[in-house]
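For reference, the chains in residue letters:
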Amino acid sequence: MQLLIAANWKMAPEKAAEAQKLAKATRVVAAKYAKKLSLVVCPPAVHIATVAAVSKVLKVGAQSVAGTSEIAQTGLLSAAMVKGAGAKYAIVGHSEERARSQNAEQGNALVREQLARVLEAGVFPILCVGEKERDTQGWYLSEVKDQLESALTGISRKALAKLVIAYEPVWAIGAKATREATPVECHEMVIYIRKIVADLFGHSAGAAIRILYGGSVDEKNAKRFIVEGNAQGLLVGRVSLDPKRFTTLIASVA
Ligand code: PGA
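The following refers to the structure shown. (Residues numbered from 1 in each chain as written. Predicted model: local features only at pLDDT ≥ 70, side-chain atom pairs only at ≥ 80, totals over all residues. Heavy atoms only, no water.)

Focus: the pairing of strand β1 (residues 3–8)
Burial analysis of β1 places 6 of its 6 residues in the buried class, the great majority of the element. By the alternation rule, side chains of β1 split into L3, I5 and A7 and L4, A6 and N8, which are all buried. As defined by bridge partners, β1 adjoins strand β2 (residues 37–42) across 6 bridges and the pair is classed as parallel. By the bridge assignment, A7 is partnered in β2 with V41. Tracing the backbone out of β1, into helix α1 (residues 16–32) and back to the parallel element β2 gives a crossover that is right-handed. (Buried < 20%, exposed > 50% of the residue type's maximum accessible area, 1.4 Å probe, protein only. Helix = DSSP H or I, 4+ residues; strand = E, 2+ residues; numbered from the N terminus. Pairing = 2+ DSSP bridges. Right-handed = clockwise from strand over helix to strand, strands pointing away.)

Encoded structure:
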């Protein structure tokens with residue numbers, strides 16, 4: 001299976017010209033390793049069209065979409081709109097977005113709606129799941145199970161085949177991270193996610209689903225999450241905004 005590397009630019013850059021420059025730099029490395037991996041760039045929505053215009057080698061993804069297609073939703077963007085702007089993928093349920101919900105149930109409910117809208121629009125979802133913290137008793141597993149069951153129950157097998165799951169341990173992400181996750185922790189969760197998908201959709205679906213690792217990946221640890229962690233790709237945040245580091249990261253996994 002070809003690797004899939006998704007670059008989540010988060011809330012950067014500010015200007016369209018900067019987005020274009022970054023996309024051009026990313027295109028160089030995407031073209032170089034096109035046989036080994038596909039690259040999906042997820043810029044802020046205002047830059048989707050700019051990035052999409054840079055090259056077909058780069059696939060473009062949205063960072064979020066509305067959970068509804070009602071037009072009376074000031075400030076939100078529909079899945080059909082981001083598709084129209086050039087997005088082929090959409091991140092659904094990123095932990096930074098889930099954190100804006102009042103609680104886990106509300107977050108899960110929104111994710112279910114968003115996932116349905118993304119699939120309806122014919123966009124490939126990158127569904128993010130991950131626990132807020134780890135404990136020694138394994139309670140964290142039920143958090144991931146709830147997120148997955150809530151999002152996936154009721155979707156068709158055909159829809160499932162379009163879906164990518166990104167495992168993002170929240171405790172390992174960003175400036176407030178307690179520590180880096182280990183490739184072994186990633187591997188355990190990859191197995192666990194496959195089991196949940198297999199319980200819902202059957203063994204072959206569990207074996208086939210693509211799982212990315214997305215907890216603060218950088219150019220030093222990326223390869224281990226693929227080789228030892230058994231992820232079939234990565235969701236890279238801040239490092240993807242630095243072309244030099246991102247190029248080194250891509251070269252290391254390719
Ligand atoms: P990070 O973000 O690589 O900047 O830690 C990962 C993510 O949140 O997708």
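Having seen it, we continue.
With respect to the side chain of S240
Topologically, S240 is positioned in the loop between β8 (233–236) and α11 (243–253). A residue is classified by how much of its surface remains accessible, and S240, at 1% relative accessible area, is buried. Non-local contacts of S240, meaning those with residues more than four positions away in its chain, are made with A7, N8, W9, L22 and F246. (Contact = heavy atoms within 4.5 Å.)

Here we look at the site of the ligand
Taken together, 13 residues are adjacent to the ligand, and K10, H94, E168, S216 and R238 come closest. R238 has a polar side-chain atom sitting 2.6 Å from an oxygen atom of the ligand. For the ligand, whose free accessible area comes to 280 Å², the fraction covered by protein is 99%. (Near = heavy atom within 4 Å. Polar contact = N/O pair within 3.5 Å; in protein donor to acceptor, adjacent residues only side chain to side chain. Areas by Shrake-Rupley, 256 points an atom, 1.4 Å probe, with all protein chains shown as cover.)

Some remarks on the nonpolar core
With 71 residues, the main nonpolar core has L152, I193, Y213 and L234 as its most contacted residues. Looking at which element gives the most residues to this core, the answer is helix α8 (residues 183–201), with 8 residues. In contact with L152, not counting residues within four places along its chain, are L115, L127, L160, L163, V197, L200 and F201. I91, I126, V164 and A166 belong to the second largest nonpolar core, which has 12 residues in total. (Core = buried A, V, L, I, M, F, W, Y, C linked by side-chain atoms within 4.5 Å.)

A short note on the packing of α1 against α11
Look at α1 against α11: their axes get within 10 Å of each other, and the N-to-C directions meet at 20 degrees. One element, α1, and the other, α11, form an angle in the roughly parallel class. The element α1 and its partner α11 pack so that their crossing is right-handed. Residues L22, A25, T26 and V29 of α1 lie in contact with α11, whose contacting residues are P243, F246, T247 and I250. Across the contact of α1 with α11, the residue classes break down as 6 nonpolar, 2 polar and no charged. (Axes fitted to C-alpha atoms, helices over the stretch in contact; angles between N-to-C directions. Parallel < 35°, antiparallel > 145°, perpendicular 65-115°, else oblique. Left-handed = near helix turned anticlockwise from the far one by under 90°. Nonpolar A, V, L, I, M, F, W, Y, C, P; charged D, E, K, R; others polar.)

Section: unusual backbone geometry
Following A12, the chain continues to P13 via a peptide bond in cis, the omega torsion being -5 degrees. You will see that K10, though not glycine, has its phi angle at about 55 degrees, which is positive. With respect to the secondary-structure elements, K10 resides in the loop between β1 and α1.

A look at α1
Residues three or four positions apart in an α-helix share a direction because the helix packs 3.6 residues into each turn. A rise of 1.5 Å per residue sets the reference length of α1, with its 17 residues, at 24 Å; its end C-alpha atoms lie 24 Å apart and thus fit the reference within 8%. Taken together, the buried positions of α1 are occupied by A19, L22, A23, T26, V29 and A30. Each buried residue of α1 lies within a common arc of 120 degrees when the element is viewed along its axis, so the set occupies one face. Exposed positions of α1 whose direction lies more than 90 degrees from the buried face are A17, K21, V28 and K32. On its buried face, α1 sits against β2, α2 (48–54) and α11. (Expected span 1.5 Å × (residues − 1). Arc of directions from axis to C-beta.)

Some points on the pattern of salt bridges
Close approach of charged atoms allows side chains with opposite charge to pair. This model, assessed by the stated rule, comprises 10 salt bridges. With its nearest N and O atoms 2.7 Å apart, the salt bridge here joins K10 to E96. Taken as a pair, K10 in the loop between β1 and α1 and E96 in helix α4 (residues 95–98) lie far apart in primary sequence, 86 residues in all. Two residues, D199 and K195, come together in a salt bridge whose shortest N-O distance is 2.6 Å. You can see D199 and its partner K195 sitting in helix α8, 4 residues apart, about one turn around the helix. (Salt bridge = Lys/Arg side-chain N within 4 Å of Asp/Glu carboxyl O.)

Side note on the pairing of strand β7 (residues 210–213)
Covered by surrounding structure in β7 are R210 and L212 together with I211 and Y213, the residues of both alternating faces. Where strand β6 (residues 164–167) meets β7, 4 bridges bridge the pair, whose relative direction is parallel. Paired with Y167 across the bridge in β7 is Y213.

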